[in-house]
Amino acid sequence: MTEHRAPSPQSRVYDVCIVGSGAGGGMAAYALTRAGADVILLEAGAPWDNTKDSAMLTWPYESPRRGRSAKERPFGEFDGCIGGWEIEGEPYTRAPGTEFSWWRARMVGGRTNHWGRISLRFGPYDFKRKSRDGLGDDWPIAYEDVAPYYDKIDRLIGLFGSRENLPNEPDGVFLPPPRPRCYELLVKQAADKLRVTCIPARLSILTRPLNGRAPCHYCGQCNRGCRVNANFSSTNVLIAPALATGKLTLLTNAMAREVTLDKAGRAAGVAYVDKTTDTDRHVRAKVVVLAASALESARLLLNSRSPLFPNGLANGSGTVGKYITDTTGTDVGGFIPKMTDHVPHNHDGVGGMHLYMPWWLEGQKLDFPRGYHIEVWGGAHVPEYGILGGIQRYPPGGSGGGGGGYGKQLKDDYRKYYGATIGFSGRGEMIPNDDTYCEVDPYTVDRWGIPVLRFHWKWSDHEYNQVKHMQETFRALIAEMGGEPFAPMPPRERGYGIAAGGVIIHELGGARMGDDPKTSVTNRWSQTHECKNLFLTDGAPFVSQADKNPTWTILALSLRTSEYIADQMKKGALG
């Protein structure tokens, strides 16, 4: 995947330098090379090609670890990720009282190699929430500004779903959704009885051939990286075609240090560390695009200090690093007796849910202002390390006192209860607040001497009350199916089970867009107010979180910004 188009990348001036190869960086590379730009892309991680490097179809018994998580693969040793919340030599710090964990991917394609492929559009309400409830800020753009780009990525990348005509859950250009599996039919029945909207999921996994890519064959291992490219990852759906144009130079193991400037205060390139030799390098470009992930891009801006920008590049507003958010989340799983001793049946499907529940209480009077969606999990997947851990929580299978035991009884109980767990995960909207932000730690640097981020994090009653509602809803669904939750309702003292900041890995903000340079970092095109040839195409410009997974909107906004860059370059407006 790595290709150097010149004997030395330092020997030329590129049209565009992109930092980061995930959703935002991959889309920028794809769009800008197709527009004819000469592009160099810096990726801090290692080369990765899911068509060759994936562990898809590897049986757990082929490894002595049986799929157990490893340090650089927290979601399991076969997972398609290299990175984690803790990376050796790349620390971050937390202010006193802060619970926050920062996920970094270190590989070509970034987080798109192991995400859940939940591909939801932000809705019309999501761009204008302040106008509806008075909290946070409205985006300077509306759904109508982004809708054409959602349509384009739907057709380019592909996703399945169903047309539902829900007011704040916009329909897309969908491929046919897969049919619900047995346990999902139980969930659908319970949701209908409780009047919780339950519809086919919307995942960027092909159910029909598209643009030369094969459809999913239902091995259910999407998280490992798909060898046939049936699901979306930036690596082969965006970056590989960009390389094929002959217009892209991809540098791996290139850790960006700062954006450099010319005498006029315009971005001149990016200083980076070649991690293979620990040497400092620099690439020059007429335009710089930061897509290193929301918080890493904020870190780059804060560390790009100069006499013109003493508080960090493009930080005249003082809002770089401010108003960061993560999705709220909590989970409840339960034992469903109807799924025990079941007749063997086909559990095949994609590596994710076939059904989900979008927010169904818009406009209702609740004790929190914004909503959440519900993700569904369960079924009989390929057994790996930890399968049915905690079997003693199940009813006695004959051994007395609980499930499990020894010998034949243990084996019988595993067969009896395998596939009898159904669970729900809530994913909701956090409202930005003044107490949640990141800044440069004045005392701590990483292994290359680059100052690290220090995080401040605080949930408000909005988020705690929302998560309480999640817990109550999930437990009602499990009860409706005739089941029992595995654990009691977490109390208020434990935040009702709210996941710590960063755990859901949906961080956004830190360089929010707006029309006023005094209160925002970028304009409506994700172009920094103070440096006209510097753009951000990751989650940093987001003004609000929404209750949707952000990747589809990152892709759409990146495409929109990239087309704007190409147009402005043709007009000679970017220098």
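Look above for the structure.
Now for a quick tour of the structure.

How each quantity is defined
- Residues numbered from 1 in each chain as written.
- Predicted model: local features only at pLDDT ≥ 70, side-chain atom pairs only at ≥ 80, totals over all residues.
- Heavy atoms only, no water.
- Helix = DSSP H or I, 4+ residues; strand = E, 2+ residues; numbered from the N terminus.
- Pairing = 2+ DSSP bridges.
- Contact = heavy atoms within 4.5 Å.
- Axes fitted to C-alpha atoms, helices over the stretch in contact; angles between N-to-C directions.
- Salt bridge = Lys/Arg side-chain N within 4 Å of Asp/Glu carboxyl O.
- Patch = residues over 30% accessible without salt bridge, like charges linked within 9 Å, V, L, I, M, F, W, Y side chains within 5 Å.
- Areas by Shrake-Rupley, 256 points an atom, 1.4 Å probe, with all protein chains shown as cover.
- Phe/Tyr/Trp six-rings, centres within 6.5 Å; stacked < 30°, edge-to-face > 60°.
- Buried < 20%, exposed > 50% of the residue type's maximum accessible area, 1.4 Å probe, protein only.

1. With respect to the environment of Ala240
- Residue position: Ala240 is located in helix 6 (residues 234–244).
- For Ala240 and Glu258, which are 18 residues apart along the polypeptide, the C-alpha to C-alpha distance reads 27 Å.

2. Some points on the sheet that holds strand 16 (residues 451–456)
- Read from one edge of the open sheet, three strands run 4-16-15, paired in mixed fashion. Bordering the open sheet on either side are strand 4 (93–94) and strand 15 (437–445), each of which pairs with just one other strand.
- Two elements, strand 15 and strand 16, share five bridges in a ladder whose sense is antiparallel. Of the residues in strand 16, the one forming a bridge with Cys438 is Phe455.
- Contacting strand 15 and strand 16, helix 7 (residues 294–303) crosses the sheet at an angle of about 120 degrees to strand 16.

3. Overview of the pattern of salt bridges
- Overall, the coordinates contain 40 salt bridges when judged by the stated rule.
- For Asp154, the salt bridge is made with Arg121, and the minimal N-O distance between the two is 2.6 Å. Linking Asp154 in helix 4 (residues 143–157) with Arg121 in the loop between strand 5 (104–105) and helix 3 (129–133), this pair joins segments that are 33 residues apart in sequence.
- Among the ionic pairs, Arg266 bridges to Asp262, the shortest N-O distance being 3.0 Å.

4. Topic: a nonpolar patch on the surface
- Among the surface-exposed residues, Trp59, Tyr61 and Val382 lie close enough to one another that they form a single nonpolar patch of about 330 Å² accessible area.
- Inspection of the secondary structure puts Tyr61 in the loop between helix 2 (50–53) and strand 3 (83–84).

5. Remarks on the packing of aromatic side chains
- Tallying each qualifying case throughout the model produces 28 aromatic pairs.
- Here Phe75 and Trp103 contribute two aromatic rings whose centre-to-centre distance is 5.4 Å and whose plane-to-plane angle is 40 degrees, an arrangement assigned as tilted. Placement of the pair is Phe75 in the loop between helix 2 and strand 3 and Trp103 in the loop between strand 4 and strand 5, with a sequence separation of 28 residues.
- Since its relative accessible area comes to 43%, Phe75 is described here as partly exposed.
- A relative accessible area of 1% means that Trp103 is categorised as buried.
- Summarising the aromatic geometry, the rings of Phe535 and Tyr564 are spaced 6.3 Å apart at their centres and angled 65 degrees between planes, so their arrangement reads as edge-to-face. One end of the pair, Phe535, is in strand 18 (residues 534–536); the other, Tyr564, is in helix 10 (residues 551–570), and 29 residues separate them in sequence.

6. Some remarks on the sheet that holds strand 6 (residues 199–200)
- Ordered in space as 6-12-13-14-11-17, the six strands form an open sheet in which the pairing is antiparallel. Two strands bound the open sheet, and with one partner strand each, they are strand 6 and strand 17 (484–485).
- Judged from the eight bridges that link them, strand 11 (residues 328–335) and strand 14 (residues 421–428) form a sheet pairing that is antiparallel. In the sheet register, Asp331 faces strand 14, and the bridge partner there is Ser425.
- Here helix 9 (residues 461–480) sits on the sheet in contact with strand 11, strand 12 (355–357), strand 13 (372–378), strand 14 and strand 17, set at roughly 20 degrees to strand 11.

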